[in-house]
Amino acid sequence: MNSIQRSREGDSEIPLEPRESKLRDIFSKLDHNGDGRIDIDELSEELNKHHVYVPASRIQKMKSTGNSFITYDEFFRLMSSGRSKNYFQKILLQYTRHVIPPSSRKSLDRTDGEYEDQYTCEPPAICMLLVSIVEISLFCYDLLLRGHSFNGPTAMLLIYNPYRRIEIWRFLSYMFVHVGTFHLVVNVVVQILLGVPLEMVHGWWRVLVVYISGVVAGSLCTSITDPKVYLAGASGGVYAIITAHVASIIMNWSEMQFALFQLLVFLFLTITDVGSAIYNRYMNVDDKIGYTAHLAGGLSGLLVGLYILRNLEVHSWEKKISLIAVIVFLIVIILCIAFNIFYPDYFPKQEL
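Residues numbered from 1 in each chain as written. Predicted model: local features only at pLDDT ≥ 70, side-chain atom pairs only at ≥ 80, totals over all residues. Heavy atoms only, no water.

Draft legend 1. Fine view of the overall build of the protein chain. Counting secondary structure elements, the protein chain contains 14 helices and four strands. Per-residue burial over the protein chain gives 48% buried out of 352 residues. A separation of at least 24 residues holds for 72% of the contacts in the protein chain among residues at least 6 apart in sequence. When the accessible surface of the protein chain is summed, it comes to about 18,000 Å², and 65% of that surface belongs to carbon and sulfur atoms. (Helix = DSSP H or I, 4+ residues; strand = E, 2+ residues; numbered from the N terminus. Buried < 20%, exposed > 50% of the residue type's maximum accessible area, 1.4 Å probe, protein only. Contact = heavy atoms within 4.5 Å. Areas by Shrake-Rupley, 256 points an atom, 1.4 Å probe, with all protein chains shown as cover.)

Draft legend 2. Here's a closer look at the packing of aromatic side chains. Within the structure shown, the criterion is met by six aromatic pairs. Arranged with centres 5.1 Å apart and planes meeting at 85°, the rings of phenylalanine 339 and tyrosine 346 form a pair that is edge-to-face. Taken together, the aromatic side chains of Phe339, Tyr343, Tyr346 and Phe347 make up a single cluster linked through ring pairs. Looking at arginine 37, its charged tip hangs above the ring of phenylalanine 69, at a distance of 4.3 Å from the centre. Above the plane of the ring of phenylalanine 347 lies arginine 165, whose end atom (NZ or CZ) is 3.6 Å from the centre. (Phe/Tyr/Trp six-rings, centres within 6.5 Å; stacked < 30°, edge-to-face > 60°. Lys NZ or Arg CZ within 6 Å of the ring centre and 35° of its normal.)

Draft legend 3. View of the side chain of aspartate 142. Tracing the chain through its elements places aspartate 142 in helix α6 (residues 127-146). Arginine 146 provides the closest opposite charge to the buried, salt-bridge-free aspartate 142, at an N-O distance of 7.3 Å. Leaving out residues up to four positions away in the same chain, aspartate 142 has contacts with Gly147, His148, Ser149, Gly152, Pro153, Thr154 and Ala155. (Lys, Arg positive; Asp, Glu negative; His and termini not counted. Salt bridge = Lys/Arg side-chain N within 4 Å of Asp/Glu carboxyl O.)

Draft legend 4. Region of interest: the pattern of salt bridges. Under the defined criterion, the tally for this structure stands at three salt bridges. In this structure, the salt-bridge partner of glutamate 167 is arginine 170, at a minimum N-O distance of 2.4 Å. Its salt-bridge partner being aspartate 345, residue lysine 349 comes within 3.9 Å of it at the nearest N-O pair. On the accessibility criterion, aspartate 345 (70% relative accessible area) is exposed.

Draft legend 5. Quick peek at the environment of leucine 306. By secondary structure assignment, the location of leucine 306 is in helix α13 (residues 291-308). Sequence spacing of leucine 306 and alanine 247 is 59 residues, and the spatial spacing of their C-alpha atoms is 5.0 Å. The contacts of leucine 306, once residues within four sequence positions are left out, are Ala247, Ile250, Met251, Ile321, Ser322 and Ala325.

Draft legend 6. Focus on helix α9 (residues 181-202). Its 22 residues give α9 an end-to-end C-alpha distance of 30 Å, which sits within 8% of 32 Å, the value for a rise of 1.5 Å per residue. A bend of about 30° at glycine 195 is the largest found in α9, and the proline proline 197 appears one to four places after it. Downstream of α9 by one or two residues, glycine 203 has phi in the positive range, about 95°. (Expected span 1.5 Å × (residues − 1). Bend = angle between axes of the 7 residues up to and from the residue.)

Draft legend 7. Representation of empty space enclosed by the protein within the structure. Scanning all chains against the criterion turns up two cavities of 30 Å³ or more. Within this model, the second largest cavity holds a volume of roughly 30 Å³. Lining the second largest cavity are Leu138, Phe139, Asp142, Ser149, Ala155, Phe176, Val177 and His178. In terms of residue count, the dominant contributor to the lining of the second largest cavity is α6 (three residues). Class assignment for the residues of the lining of the second largest cavity results in five nonpolar, two polar and one charged. (1 Å grid on protein atoms, 1.4 Å probe; cavity = no way out; pocket = protein on both sides within 12 Å on 5 of 7 lines; lining within 4 Å. Points joined across faces, edges and corners; volume = space filled by probe spheres on them. Nonpolar A, V, L, I, M, F, W, Y, C, P; charged D, E, K, R; others polar.)

Draft legend 8. Examining the nonpolar core more closely. Residues Met128, Met175, Val210, Tyr211, Leu231, Ile241 and Phe329 are the most contacted members of the largest nonpolar core, which totals 38 residues. Put simply, the parts of the chain that give this core at least two residues each are α6, α9, α10 (204-225), α11 (235-251), α13 and α14 (316-342). The biggest single contributor to this core is α10, with eight residues. Leave out the neighbours within four places in its chain, and methionine 128 touches Gln191, Ile192, Gly195, Glu199, Val207, Leu208, Tyr211 and Ile241. (Core = buried A, V, L, I, M, F, W, Y, C linked by side-chain atoms within 4.5 Å.)

Draft legend 9. Inspection of a nonpolar patch on the surface at higher detail. The grouping of Tyr307, Leu323, Ile327, Ile331 and Leu335 at the surface amounts to a nonpolar patch, some 500 Å² of accessible area in total. Here the nonpolar patch takes four residues from α14, the largest share from any one element. By the element assignment, leucine 335 lies in helix α14. For leucine 335, a relative accessible area of 55% corresponds to the exposed category. (Patch = residues over 30% accessible without salt bridge, like charges linked within 9 Å, V, L, I, M, F, W, Y side chains within 5 Å.)

Now the structure itself:
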């Protein structure tokens, strides 16, 4: 069933947003002879097949009237009751449908072909939430000890320091260091608001791989293009999450409505922010932002996303694109690592 999600609380069903238009479509599909009635047993079997929970007691109650059929009004009341429960799941699913609009396809025969049907809260999408909690906790810890988030013991240990490249964990751990409250809040808000919808469709581990790839690509590319720049913040991972949405749109184009509009929005967001970072890097002497981390993180999210995110309807050309994308990503990462290892004279030797 396209628009109905199930949840069990005692003996009541909790349909999610049973919009009349969709319920009418469902009823019409089951009303084979067009007489405005459907068989109760057939309805029960169809609901079970689509994992929509309706208490057996309610089915038996309808049968107890001596009528083996159900009209549309009865069907609507059945599927619309209990809507006041499970507020959190209702709000969360409503939000994700605004981030990624639903497919325009209405066929009930394509339960795995429509993007909106893939949203799920089981398991809970908490990966980006947990990452954010760690970032906030470390920020507050340094703030309490030193009064500044960027010179506390945690920050000094985790920040990407170009003069301490031998401490390889810094290529990843700098994501936990943020310079100022605004810097932290922006990254956390974006990675939660855009990361949660990805997790609900693609799974937490895929989103985490995309996120980490953006962080690592950001530091590796910055180490070569801007070798004296320090890095702090999760911007590489955040940009990877943003462009992962672009990858998902590309690979699931036919399963989404307004795909072109979404693509343009995410591209505009990425290009605008990277452009402002480049401007500030070279035109504002007081704001030396390592924009390469933003750009590399974004490209990483796109390339890795094309390969690792779920593709609901795989075509041969999509397989080729995803394979090329991951090969390009791996080649760039390997080259960056090799450059760091075999050309040590290129990098600064003494911290100023």
